[in-house]
Each structure stands twice: as structure tokens, then as C-alpha cells.
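Here is what each chain is made of, one letter per residue.
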Amino acid sequence: MHVEQLHPWPSSVHEAEALQDRLRSRVELDGPSTFELIAGLDVHYRGDAVTAAVVVLDAGTLEPVEQVVAHGETAFPYVPGLFAFRELPALVTALERLRTTPDLLVCDGYGLAHPRGFGLACHLGVLTGLPSLGVGKTPFVGTHEPPGDERGSWTPIVHEGATVGRALRTQRGVKPVYVSQGHRISLDVATEQVLRLAARYRLPEPIRHADHLARHP
């Protein structure tokens, strides 16, 4: 699949923050509501080495259709809010190796729920032009009330007066996940997709598959 090269990779914190601020205006917060092919993306670290994995699932059966990996070295320091720049180069390489083009990207990370409103899911959505969403395992920005105990319960995540995502209970008795829009998707649809894709476990199946592949390429 094609990934648009909108910019060179930044080499400094100032350049990275400026890039996020510039690209944020490209984010669209509405889009399709149904998807046939859904890709999960994750990155595993071994020291400074990274393995990026993309697994495309059939949306109906949740069976894998295609999977790819890409290996690389982290070239950007660990800075809160700029973590995407440690992972994006390898993820883009992996995406470009796909023979199929997914209809939705499900990222292990954040989208709008980010200090500059432009997390990994937003960045990947803008570069690919595909609908994308982020699923975080821990809260990052904003505040929220605990969702109810029942599967499907959620509460809004509010940051600087705006709703930037939802804390979503995907399974009864387990911690919630933190869902945010990336690109070309509404928050309602993002929530529905994460809940549907997490029918058995806390995390949605595309991310579970990608995590396993990144750890065991």
C-alpha cells in the first residue's frame, strides 16, 4: 500500500512538535462506519532496536488476511508526547510492504488524546489517508470518571475543556482501555469498533495479533 511522504523525519524536539502542530489541521473527525479489512499495528522494543508489526484481519471473521514486519533502530529520543517518532519510521516501512490496503488502522497508542491533539493514530491516518483510531492501555491526557462495570460502559476523556476520547470497559471486571479518534472516524464509530473487536479480551484482536507478531516475528 502507499504511504504519502509528507515530511522528513524530524531530528529535534522543536521540529517534531512543530510538525505535529502543522499536520493537526489535516485530521478529519468523521468518516465511514463499516470496514471490511482492519489492520492492527504495534511495535516491540529490544534495546534500541524496534520491530513494527501490521496484521490485517477480515472484519467479519477476525481471521488474519496478511501480516508484515519491519525492523529498525530508534533514531529519536524518548520524549512524552513525541513517542510516535520512535515508532513511525518502522511502522511506515511495514505498511508499505502490505499487498492489501486495509479500511481501518487500529493503533496501540493515542490519537486526539494527546498533548497537541496529534498522537500516533492521527499521524498514521494523515500519512495513509485511512480511517484510524488509537487504543491506549493507560490514560495519557485529560480526566475521566471510571466507567461502569458492565462491558460497553464508557465515560468521556476531557482535556482542556474538550472531549478527546473515551475510557471504555471492553470486558466486565477488567481495566478500561482508552479510545481516541485518529483520522476519518467519529468517536461513536471508534468506540463501536473497539468494543466489537474486543469480544473476548480486554484489547481488540488486531492489536493482540500485532503485539504477538512484533514479539515473535
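Our structure is the block above this text.
Here goes a summary of the coordinates provided. (Residues numbered from 1 in each chain as written. Predicted model: local features only at pLDDT ≥ 70, side-chain atom pairs only at ≥ 80, totals over all residues. Heavy atoms only, no water.)

Observations concerning the overall build of the chain
Basically, it comes down to this: Under the DSSP-based scheme used, a helix requires at least four consecutive residues in state H or I and a strand at least two consecutive residues in state E, with every element numbered from the N terminus. Computation of the radius of gyration draws on C-alpha atoms, with the globule rule given as 2.2 Å multiplied by the number of residues to the power 0.38. To sort residues, take the accessible area from a 1.4 Å probe on protein chains only and compare it with the maximum for the residue type: under 20% means buried, over 50% means exposed, and anything in between is partly exposed. For this analysis, residues touch if any pair of their heavy atoms sits within 4.5 Å. We get accessible surface area from the Shrake-Rupley algorithm with a probe of 1.4 Å; when it comes to residues, only the shown protein chains can shield them.
For the chain, the helix and strand inventory stands at five helices and eight strands. Compactness check: the chain gives a C-alpha radius of gyration of 16 Å against a globular reference of 17 Å for 217 residues, within 12% of the reference. Referenced to the eigenvectors of the C-alpha coordinate spread, the extents of the chain come out at roughly 45 × 40 × 35 Å. Taken over 217 residues, the chain has a buried fraction of 55%. The contacts in the chain between residues at least 6 apart in sequence include a share of 64% that link residues at least 24 apart. Looking at the chain as shown, the accessible area adds up to about 9700 Å², and 50% of this sits on carbon and sulfur atoms.

Some words on the pairing of strand β4 (residues 104-108)
Here is the rule we go by: Strands are treated as partners if at least two bridges between them are detected by DSSP. Clockwise travel from the first strand over the helix to the second, with the strands pointing away from the viewer, marks a crossover as right-handed.
Across the five residues that make up β4, a large majority, five, are buried. Summarising the sheet, strand β1 (residues 37-46) and β4 pair through four bridges and their orientation is parallel. For Ile-38, the partnering residue across the bridge sits in β4 and is Leu-104. With four bridges connecting them, β4 and strand β5 (residues 132-136) associate as parallel partners. Considered in β5, the bridge of Cys-107 is made with Gly-134. For the segment spanning β4, helix α3 (residues 120-128) and β5, crossover handedness is right-handed.

Things to note about the pattern of salt bridges
Stated formally: The salt bridge definition used is simple: a Lys or Arg side-chain nitrogen within 4 Å of an Asp or Glu carboxyl oxygen.
Tallying each qualifying case throughout the model produces eight salt bridges. In this structure, Asp-21 and Arg-24 form a salt bridge, with 3.0 Å as the shortest nitrogen-oxygen distance. Asp-21 sits in the partly exposed class, given a relative accessible area of 38%. We note a salt bridge from Arg-166 to Asp-188, for which the minimum N-O separation is 2.7 Å.

With respect to α3
Of all nine residues that make up α3, nine are buried, and the element is covered over most of its length. Taken together, the buried positions of α3 are occupied by Leu-120, Ala-121, Cys-122, His-123, Leu-124, Gly-125, Val-126, Leu-127 and Thr-128. Where α3 terminates, the next one or two residues include Gly-129, which has phi positive at roughly 75 degrees.

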